[in-house]
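So the chains spell out like this:
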Amino acid sequence: MVTSVFIAAVSLALFWMAAFTLWWQMHAWRTPETLAATRFDRPDGGPARSFSLLLPARHEQAVLEHTIERLLESSHSSFEIIVIVGHDDPETAEVAERAAARDPARVRVVVDTHLAKNKPKALNTALPHCTGEVVGVFDAEDQVHPELLTHVDHAFRSTGADVVQGGVQLINFHSSWYSLRNCLEYFFWFRSRLHLHAQKGFIPLGGNTVFVRTDVLRAAGGWDPDCLAEDCDLGVRLSSIGKKVVVAYDSDMVTREETPDSLMSLLKQRTRWNQGFLQVYRKNDWRQLPTPGQRLLARYTLMTPFFQATTGVVIPLNVAIALFLDVPVGIAFVTFLPAVTALVTFVFELVGLHDFGKQYGLKVRLTHYLKLVVGGPFYQVLLAGAAVRAVWREQRGRRDWELTSHVGAHLTREDIHA
């Protein structure tokens, strides 16, 4: 009897967690007005602010040059590009120096001399060199829209924001079965859920296409050099002191990226994110949020990767218990509830995949829908493994940065030969 009650309690908890997560994921699609409000407003004037665009690059010689060229195509008139390279990475440094020689008025190179390297240390190395009123962060493989800075400038001016978070979208959904799910995760996160977080006054920022007023960023001490989720940490700290964050997602303006090129690379990336979220949770900055609702949202969000992984493991176990063990009918019914939310989520994902393909002009075939459904359980197992690995690494004090490699899978033939 005790076992049955415990199983029912766990099932109910998982059901409500999954239901809340699904509801938040659907935030942007609740009404046409909500969806329209998630986009950038049309700029209505000339440039008002200058930008320092930080581009940390480590072993990114294959994609860095294209990213710099795309940034230089920006229609905004006042920006600089600061490329941060490691002192022990001559291949990437050569690409960066070549770009700086071609356009010394726009491109500068800063060398990170830290022995143990990671992204926040690289960003902090460049921060004293920033001359712009706003600091923007991009990754070395990013494909950035020429009009983005103009729209971000207008967003700062029209909303009084301290931070503007733009959209990021993985594009190469056709590369593998897991890249399909990876692309959809970004689509739901940046298209919908981050807007809910901004509305509630608590937001873990995305890794790039983030723009912060330079004075606010310096007053906050820059990025935490020891955190594996420096973007999330910065968002939590700025939210906790009441800074205004505006989120905008427009399919024409998103920064396009590629998915990790192997399952092991994806596992390491998710391990790093999960471990970083755990570090941010333990730092307790979120406890300074003014309302109980914000603190509850923060606690749940920072623990979500672990809840998600647990759900992927527990749902099959619950179904097996209901089918093969002799438990009361009521208990058996309750154990199926998490599976019901999982089924509803699958349906929402199918609709989301259709919308994703429509917005980006991508041909989504029947095989892609089948891969999405069939790959779901396996993807949950991967997330569970990444969460367990993150806890293990954190307990052992292993906080080295596992780099995600990039090969330009998100670029079209036209991009490559441009």
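Preceding this paragraph is the structure being described.
Below you will find a few notes about this structure. (Residues numbered from 1 in each chain as written. Predicted model: local features only at pLDDT ≥ 70, side-chain atom pairs only at ≥ 80, totals over all residues. Heavy atoms only, no water.)

Let's talk about the pattern of salt bridges
For step 1, the next point in the chain: The tally for this structure, following the rule as stated, stands at 22 salt bridges.
For step 2, the next point in the chain: A salt bridge links Arg 102 to Glu 65, with the nearest nitrogen and oxygen atoms 3.3 Å apart. Residue Arg 102 is found in helix 4 (residues 90–102), and its partner Glu 65 is found in helix 3 (residues 64–72); the two are separated by 37 residues along the sequence.
For step 3, the next point in the chain: Taking the relative accessible area as the measure of exposure, Glu 65 reaches 26% and is therefore partly exposed.
For step 4, the next point in the chain: Here Asp 88 ties to Lys 117 by a salt bridge, and the two come within 3.8 Å at their closest N and O atoms. Here Lys 117 lies in the loop between strand 3 (107–112) and helix 5 (119–126) and Asp 88 lies in the loop between strand 2 (79–86) and helix 4, a separation of 29 residues in the sequence. (Salt bridge = Lys/Arg side-chain N within 4 Å of Asp/Glu carboxyl O. Helix = DSSP H or I, 4+ residues; strand = E, 2+ residues; numbered from the N terminus. Buried < 20%, exposed > 50% of the residue type's maximum accessible area, 1.4 Å probe, protein only.)

Description of the layout of surface pockets
A probe matching the size of a water molecule, rolled over the atoms, marks out where space remains unfilled.
For step 1, the next point in the chain: If you add up the space inside the second largest pocket, you get close to 320 Å³.
For step 2, the next point in the chain: Lining the second largest pocket are 19 residues, and of these Ala 37, Thr 38, Arg 39, Val 246 and Val 247 lie nearest its centre.
For step 3, the next point in the chain: Of all the secondary structure elements, the ones that give two or more residues to the lining of the second largest pocket are helix 2 (32–37), helix 6 (148–159), helix 7 (177–200) and strand 8 (245–247).
For step 4, the next point in the chain: The leading source of residues in the lining of the second largest pocket is helix 6, at five residues.
For step 5, the next point in the chain: Of the residues contributing to the lining of the second largest pocket, the split by class is seven nonpolar, nine polar and three charged. (1 Å grid on protein atoms, 1.4 Å probe; cavity = no way out; pocket = protein on both sides within 12 Å on 5 of 7 lines; lining within 4 Å. Points joined across faces, edges and corners; volume = space filled by probe spheres on them. Nonpolar A, V, L, I, M, F, W, Y, C, P; charged D, E, K, R; others polar.)

A few points about the pairing of strand 7 (residues 210–213)
For step 1, the next point in the chain: One ladder, built from four bridges, connects strand 4 (residues 134–137) with strand 7; its direction is antiparallel. For Gly 136, the partnering residue across the bridge sits in strand 7 and is Phe 211.
For step 2, the next point in the chain: The sheet contact formed by strand 5 (residues 163–165) and strand 7 spans three bridges and is antiparallel. The residue of strand 7 that forms the bridge with Val 163 is Val 212. (Pairing = 2+ DSSP bridges.)

Considering the packing of aromatic side chains
For step 1, the next point in the chain: Scanning the entire structure with this criterion turns up 18 aromatic pairs.
For step 2, the next point in the chain: Relative to Phe 187, the ring of Trp 29 has its centre 5.9 Å away and its plane inclined at 50 degrees; by these criteria the two rings are tilted. With Trp 29 in the loop between helix 1 (2–25) and helix 2 and Phe 187 in helix 7, the pair connects residues that are 158 residues apart, well separated along the chain.
For step 3, the next point in the chain: Overall, Phe 187 belongs to the buried group, its relative accessible area being 0%.
For step 4, the next point in the chain: Relative accessible area serves as the criterion here: at 27%, Trp 29 is assigned to the partly exposed category.
For step 5, the next point in the chain: Positioned above the aromatic ring of Phe 79 is the side chain of Arg 106, whose terminal nitrogen or guanidinium carbon lies 4.1 Å from the ring centre. (Phe/Tyr/Trp six-rings, centres within 6.5 Å; stacked < 30°, edge-to-face > 60°. Lys NZ or Arg CZ within 6 Å of the ring centre and 35° of its normal.)

Nothing here speaks to function; it is geometry throughout.
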